[in-house]
Amino acid sequence: MNISFSPPFIDQNVINEVMDTLKSGWITSGPKVKELEQEIVRLTKSKSAVCVNSWTSGAIMMLKWFGVKEGDEVIVPAYSYCATALCVLHCGATPVMVDISDDLTIDPQRIKQAITSKTKAIIAVDIAGWPCDYNMIKALLKSPRVRGLFVPNSEQQRRLGRILLISDAAHSIGATYMGHSAAICSDVTIFSFHAVKNITTAEGGCICLNLPGNFDHEEEYKFLKIFSLNGQNKDAYTKSKGGNWKYDILYEGLKINMPDICAAIGLAQLRQYKNILLPSRKTIASKYCDVFSSYSWFIPPSLEDFTRESSYHIFPLRIKNITEAQRDQIIDEIVSHGVIVNVHFIPMPMLTYFKKTGYNIADYPNSYKNYACEISLPIYPNLTNEDTDYVIDAVISAVQLQLKNSKLQQLSHVE
């Protein structure tokens, strides 16, 4: 049997929506993108949503919108995909990496220690679909001490009057916090619609705005739509209506708009998300937990408690008391059974570019500890009960074999 890690969900509804776009004669940014934005607002209860061509470009645009530039600092977790830091570098600012808590999300106490007068934003990452401790982070940002350190250097910074909180929600569309959508917990929440995500547009992302009341969300939406199209005041769809050929360039913008052909995929998926796609992921995660909980080597992932519920994007299996090398051997054994797994994530300080620029994994012990024992298992709507059972059997066999071999090696060493 061969089990893929995370194939995209493509059913007849998706095909029909894409075909409708192709037959319409309009495939770049237009009505489908607008409809997808409206569906995301309905799902998340956000004040506004702007679709773009990737999470990364959306994050770059929002940092630029806030006026983040050279000399500024943005706090990010060391345990994340590289885009979380690269978006900061693309704005000329410095990513200040901090360690994580045992639930894999950014540690609020480490944030507190890292804030300086140069700090302009924090990017908190919802790992595997599990939301960060947003109440604690927001309380920290609104505290008199931290507010007193904030030095605004742009119109948006002066209007907000504090550090901007951005949620890297690449994994967490549909997650909840305190009984509400987790997307409304930050000033700015950015989703990824990459091919392996819960909702995909092949490539894409979406920015959700939930700024304080002194911001006009309709005006911010209009600005961001223009900024995402090279700063051009008319998009191609508007110009195509006839008599609208004249345009102007208002800002030094970016070209990061999402096309309708991509939006169509996400639109069809999103309509099935709450009732079909998300519950199926939860069912698989629950089955993994139910079976693995009888083994002493299993570290249960954070999936649901009285304040938070995951979007079940990734099932981060963690195994007690193993080394990174042993974890790699377990992965090789699982793969030999035809089951494709992954690791989320290699901490950024371990990657060549970041090592060369001065980051050291020794400064982030919890990030390394969790990385070294983590294996991401397949979890997606098309995974059948038979498939799930097969994955479970492959994992148990691989882990038990590794533990047996390790024990034998220890006994041999003692003798």
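Residues numbered from 1 in each chain as written. Predicted model: local features only at pLDDT ≥ 70, side-chain atom pairs only at ≥ 80, totals over all residues. Heavy atoms only, no water.

## What to know about the environment of Ser154
At step 1: Among the secondary structure elements, Ser154 is positioned in the loop between α7 (144–149) and α8 (155–160).
At step 2: In this structure the C-alpha to C-alpha distance between Ser154 and Trp65, which are 89 residues apart in sequence, comes to 9.3 Å.
At step 3: In this view, Ser154 contacts Phe66 and Gly67; residues no more than four positions away in its chain are not counted. (Helix = DSSP H or I, 4+ residues; strand = E, 2+ residues; numbered from the N terminus. Contact = heavy atoms within 4.5 Å.)

## Focus: the packing of aromatic side chains
At step 1: Scanning all chains against the criterion turns up 14 aromatic pairs.
At step 2: Considering the side-chain rings of Tyr288 and Phe315, the 4.9 Å spacing of their centres and the 55° angle between planes classify their relative orientation as tilted. Separated by 27 residues along the polypeptide, Tyr288 in helix α12 (residues 273–292) and Phe315 in strand β12 (residues 315–319) bring together distant segments of the chain.
At step 3: For Phe315, a relative accessible area of 0% corresponds to the buried category.
At step 4: Connected via pairs of aromatic rings, a cluster forms that spans Tyr288, Phe292, Tyr295, Trp297, Phe298 and Phe315.
At step 5: Here the basic side chain of Arg159 rests over the ring of Phe215, its NZ or CZ set 5.3 Å away from the ring centre.
At step 6: Between the NZ or CZ atom of Arg327 and the centre of the ring of Tyr371, over which it lies, the distance is 4.6 Å. (Phe/Tyr/Trp six-rings, centres within 6.5 Å; stacked < 30°, edge-to-face > 60°. Buried < 20%, exposed > 50% of the residue type's maximum accessible area, 1.4 Å probe, protein only. Lys NZ or Arg CZ within 6 Å of the ring centre and 35° of its normal.)

## What about the sheet that holds strand β8 (residues 188–192)?
At step 1: Sheet architecture is open: seven strands sit in the order β1-β9-β8-β5-β4-β2-β3, paired in mixed fashion. Where the open sheet ends on each side, the last strands, each with one partner, are β1 (48–52) and β3 (94–98). The sheet shows a mean angle of 20° between the axes of neighbouring strands, taken without regard to direction.
At step 2: Pairing of strand β2 (residues 73–77) with strand β4 (residues 119–125) involves three bridges; the strand directions are parallel. Note that in β4 the partner of Glu73 across the bridge is Thr119. (Pairing = 2+ DSSP bridges. Axes fitted to C-alpha atoms, helices over the stretch in contact; angles between N-to-C directions.)

## Let's talk about the nonpolar core
At step 1: If you look at the biggest cluster of nonpolar residues, it comprises 66 residues, and the most contacted ones within it are Ile40, Phe292 and Phe315.
At step 2: At eight residues, the largest contribution of residues to this core is made by α12.
At step 3: Every residue in contact with Ile40, bar those within four places of it in the chain, is listed here: Lys45, Ala49, Cys51, Phe191, Phe193, Cys206, Cys208 and Leu270.
At step 4: Listed in part, the 64 residues of the second largest apolar core include Ile60, Phe66, Ala85 and Ala182. (Core = buried A, V, L, I, M, F, W, Y, C linked by side-chain atoms within 4.5 Å.)

## Re the sheet that holds strand β11 (residues 308–309)
The strands that make up a sheet are held in pairs by hydrogen bonds between backbone atoms, and each pair lies either parallel or antiparallel.
At step 1: Pairing in this open sheet of three strands is antiparallel, and the strands run β7-β6-β11 from one edge to the other. Edge positions in the sheet fall to β7 (180–181) and β11, since each has one partner strand and no second.

## Quick notes on the confidence of the model for the protein
At step 1: When pLDDT is averaged along the protein, the result is 96, and 98% of the positions lie at 70 or above.
At step 2: Confidence, read as mean pLDDT per element, is least for helix α10 (residues 236–239) in the protein (73) and greatest for β2 (99).
At step 3: Scored below 50 in pLDDT, residues 411–415 shows zero contacts in the model against residues more than four places distant or in partner chains. (pLDDT = per-residue confidence, 0-100.)

## What to know about helix α9 (residues 217–227)
At step 1: Buried within α9 are the following residues: His217, Glu220, Tyr221, Leu224, Ile226 and Phe227.
At step 2: Those residues of α9 that are buried are in contact with α2 (31–44), β1, α3 (55–65), α8 and β9 (205–209).
At step 3: Its side-chain oxygen at 3.1 Å from the backbone nitrogen of Glu218, Asp216 defines the N-terminal cap of α9. (Polar contact = N/O pair within 3.5 Å; in protein donor to acceptor, adjacent residues only side chain to side chain.)

## A word on the pairing of β3
At step 1: Among the five residues of β3, four are classified as buried, and the element is accordingly described as predominantly covered.
At step 2: As paired strands, β2 and β3 are joined by five bridges and run parallel to one another. Counted as the bridge partner of Glu73 is Thr94 from β3.
At step 3: With helix α4 (residues 83–89) bridging β2 and its parallel neighbour β3, the resulting β-α-β unit is right-handed. (Right-handed = clockwise from strand over helix to strand, strands pointing away.)

## Examining helix α1 (residues 12–24)
At step 1: Between the first and last C-alpha of α1 there are 18 Å, a value that for 13 residues agrees with the 18 Å anticipated at 1.5 Å per step.
At step 2: Of all the residues in α1, the buried ones are Val14, Glu17, Val18 and Thr21. All buried residues of α1 fall inside an arc of 95° around its axis, so they share one side. Along α1, exposed side chains directed more than 90 degrees from the buried face belong to Gln12 and Lys23.
At step 3: On the buried face of α1, the contacting elements are α2 and α11 (260–270).
At step 4: At the C-terminal side of α1, Gly25 shows a positive phi close to 85°. (Expected span 1.5 Å × (residues − 1). Arc of directions from axis to C-beta.)

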